[in-house]
Amino acid sequence: MDSFIIAALALCSLTAPAFGDKGTSKARSCSDIRQFYSGKRFSLDGVPQSEISGEHLRICPQGYTCCTSEMEDNLAVLSRKEVEGVLKEAGRSLQNSLNGQYKTFDGYFLELLNRSALNLQESFTATWGALYVRNSQVFSELYMDLRHYYRGANVNLEDVLNDFWARLLEKLFYHANRQYSISEDYLECVSKQIDTLRPFGDVPRAMKMMVTRTFVAARSFVQGLVVSGEVVRKVSQVQLSQECMRATMRMTYCPHCRGMASARPCANYCSNVMKGCLANQADLNTEWRHLAETMMQVADRFDDPSGVDSVLLTLPVRISEGIMTMNENLQTINSKVRTYLELYKLTNLFSSSLPQVTDVTARLRDLQSYWVSLPNLLCSDRVATGTGAEDKCWNGMNRARYLPEVMGDGLASQINNPEVEIDITKPDMTIRQQIMQLKIMTHRLKNALNGQDVDFQDTSDDVSGSGSGMCTEEMCSRGPRLVDLVTETPRRYPLPPENKRVKASANQNLPCTAIYLLSLLMLLLRR
């Protein structure tokens, strides 16, 4: 008989309903959740005064509860908005970081370009005098074209440099032969022989190689920051799925419905929920890391001895060297020495005070694991911690240990996720498009590392979006600007003695090349 009574009591204990934390047999008051629910700005109409049977629940466990179906729906929507809000805030923070890196490098690069233009203006005014003043537009347009190229304009860098040397040759040739009547056609004919006659020696080729390498890398680098910011902006706007909404509701607000407001999610439980919700975002990780690593490789180029400082600030030296190569027989050794001393003095002065890209590189390194770290970010202030946390945390059903294993990162790893139902055959298309953008940008940066020019015309729509790191033309106009080259009269130097004046014309019978060779020979031999 005693054994029968014991068995009956045991059976009753198994079938008796559970009532919240205390497990009492009396329906518990719902005052706590009514206060909580009202604090979330929901109406208290229809909210139970005490616990009711929970057969109506579709998300939370169907035990005794203080939540109606309407409350469950409202809290589910709220849970999704809150998670999306945290993700957007994290995205804005990352965007701000990328935009700050863009501004740092952009200001650094433009300051170098501006100082280089100022170097040339001051040193050429002192060194070349009237020759420079009369032809200053050739130099100012070179710097303007370089700036436009860096900004992403549809400018062919090789053509810019070739045109500069060709125009400079025309100007110098005309200046040295002012005693002759030389037509525009003749000057054009002269400039077309530049590759054959190499009047500037090896300077144009060497300068083209350095400038192209530096500007292609710089333009690609800032474009990489822009694309990264756009990817973050667009991915941060992706809405979470209905399945994720149900999972976050079960984790966040179902404990309130069960009278366990103090219960916090188990750490592994939260990880599985967030890894499921952010599975598509985690798939950005591989290409995001590739882009960051490639950008760091490009940034390393800027700090080496032949980096951006050296290339930009010695442009006046290279150009002056080319002019002296053509005009070397008309310059004295002293003037050569003076020119180099003045130019290098200015170069070293400005170089020592300019910022570096070390901080940008360090920040890129820190951001490499951003997309796979999001679940930990969202769980960091939610999960139960402290002594006994694993045994007293909310596991989605009650206060108890969470037993399932933690899933891996990415969509394919969620096939057996116990918390979020995911169709791994249907990836989010917006995120897939952004993965492709990262691949394209990485490919362009790798080309830039090899000195190959890149065209960004097809990314103009992305770049123009809100939140973009690239400034608009109006915004950029408030930033550093290239100085206009001065045209006031400088110190003049005596011209070489004139030979007997002879009329020359492109209409003469001698071939163009022969005429040019004779004229150039006269120029070099005249003292």
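No experiment lies behind these values; they were computed from the predicted model shown. (Residues numbered from 1 in each chain as written. Predicted model: local features only at pLDDT ≥ 70, side-chain atom pairs only at ≥ 80, totals over all residues. Heavy atoms only, no water.)

Points about the overall build of the chain
A count of helical and extended segments in the chain gives 24 helices and zero strands. A buried classification covers 48% of the 527 residues belonging to the chain. (Helix = DSSP H or I, 4+ residues; strand = E, 2+ residues; numbered from the N terminus. Buried < 20%, exposed > 50% of the residue type's maximum accessible area, 1.4 Å probe, protein only.)

Some remarks on the nonpolar core
Among the nonpolar cores identified, the biggest contains 122 residues, and F215, F221 and I319 are the most heavily contacted of them. In contact with F221, other than residues within four places in its own chain, are F105, M295, V298, A299, F302, V360, L364 and L445. (Core = buried A, V, L, I, M, F, W, Y, C linked by side-chain atoms within 4.5 Å. Contact = heavy atoms within 4.5 Å.)

Some words on the side chain of Q414
Positionally, Q414 belongs in the loop between α20 (389-392) and α21 (429-449). Since its relative accessible area comes to 1%, Q414 is described here as buried. Here the side chain of Q414 touches N417 through a polar contact of 2.8 Å, side chain to side chain. Setting aside its immediate chain neighbours within four residues, Q414 contacts K275, G276, A279, M407, G408, D409, I422 and I424. (Polar contact = N/O pair within 3.5 Å; in protein donor to acceptor, adjacent residues only side chain to side chain.)

As for the state of the cysteines
Summed over the entire model, instances satisfying the criterion amount to six disulfides. There is a disulfide in this structure between C266 and C393, and the S-S distance comes to 1.9 Å. With the S-S dihedral at roughly 95°, the linkage between C266 and C393 falls on the right-handed side. Of this pair, C266 sits in the loop between α11 (254-257) and α12 (267-277) while C393 is found in the loop between α20 and α21, placing the two residues 127 residues apart along the sequence. (Disulfide = S-S within 2.5 Å.)

A few points about the environment of F105
Among the secondary structure elements, F105 is positioned in helix α3 (residues 69-128). For the pair formed by F105 and V360, sequence separation is 255 residues and the distance between their alpha carbons is 7.7 Å.

Thoughts on the packing of aromatic side chains
This structure, assessed with the given rule, holds 16 aromatic pairs. One aromatic cluster is present, built from ring pairs that chain together F105, Y108, F109, Y150, F215 and F221. R219 extends its terminal NZ or CZ atom over the ring of Y149, reaching a point 4.0 Å from the ring centre. (Phe/Tyr/Trp six-rings, centres within 6.5 Å; stacked < 30°, edge-to-face > 60°. Lys NZ or Arg CZ within 6 Å of the ring centre and 35° of its normal.)

Some details on the packing of helix α5 (residues 136-150) against helix α16 (residues 315-326)
Where α5 meets α16, the closest approach of the two axes is 13 Å, and the angle between their N-to-C directions is 135°. With respect to their mutual orientation, α5 and α16 come out oblique. Here the hand of the crossing between α5 and α16 comes out right-handed. Along the contact surface, α5 presents F139, L142, Y143 and L146, while α16 presents L315, P316, I319 and I323. (Axes fitted to C-alpha atoms, helices over the stretch in contact; angles between N-to-C directions. Parallel < 35°, antiparallel > 145°, perpendicular 65-115°, else oblique. Left-handed = near helix turned anticlockwise from the far one by under 90°.)

Considerations on the packing of α5 against helix α9 (residues 203-236)
Taken N-terminus to C-terminus, the directions of α5 and α9 make an angle of 35°; their axes are 9 Å apart at the nearest point. Counted together, L142, L146, Y149 and Y150 of α5 and M207, V211, F215, V216, A218, R219 and V222 of α9 form the full contact between these two elements. Class assignment for the residues of the contact of α5 with α9 results in 10 nonpolar, no polar and one charged. (Nonpolar A, V, L, I, M, F, W, Y, C, P; charged D, E, K, R; others polar.)

Quick look at the side chain of Q281
By the secondary structure assignment, Q281 is in helix α13 (residues 279-282). With a relative accessible area of 6%, Q281 lands in the buried category. When neighbours within four sequence positions are excluded, Q281 is seen to be in contact with V235, W371 and I431.

Structural notes on the pattern of salt bridges
One pass over the full model with this rule turns up 14 salt bridges. In this structure, E89 and R92 form a salt bridge, with 2.8 Å as the shortest nitrogen-oxygen distance. On the criterion of helical spacing, the pair formed by E89 and R92 is a turn pair, its members being three residues apart in helix α3. Of the charged contacts, one joins R233 and E230 as a salt bridge, the two residues approaching to 2.8 Å between their closest N and O atoms. (Salt bridge = Lys/Arg side-chain N within 4 Å of Asp/Glu carboxyl O.)

Topic: the confidence of the model for the chain
Considering every residue of the chain, the mean pLDDT works out to 77; 70% of them sit at 70 or more. Counting contacts from residues 329-337, a segment whose pLDDT is below 50, to residues more than four positions away or on other chains yields seven contacts. The model gives residues 457-511 a pLDDT under 50, and that stretch makes 98 contacts with residues more than four places away or in other chains. (pLDDT = per-residue confidence, 0-100.)

So, α5
Here α5 spans 22 Å end to end across 15 residues, near enough to the 21 Å set by a 1.5 Å rise per residue. Residues S136, V138, F139, L142, Y143, L146, R147, Y149 and Y150 constitute the buried set of α5. Just downstream of α5, G152 is the residue with a positive phi angle, here 100°. (Expected span 1.5 Å × (residues − 1).)

What about α3?
Along its 60 residues, α3 runs 86 Å from first to last C-alpha, staying within 8% of the 88 Å computed at 1.5 Å per residue. Positive backbone phi, at 55°, marks G129, one or two positions downstream of α3.

A few points about the environment of V372
Along the chain, V372 turns up in helix α19 (residues 370-379). When the C-alpha positions of V372 and A279 are compared, they lie 8.9 Å apart, and in sequence the two are 93 residues distant. Apart from the residues lying within four places of it in its own chain, the contact partners of V372 are A282, N285 and D409.

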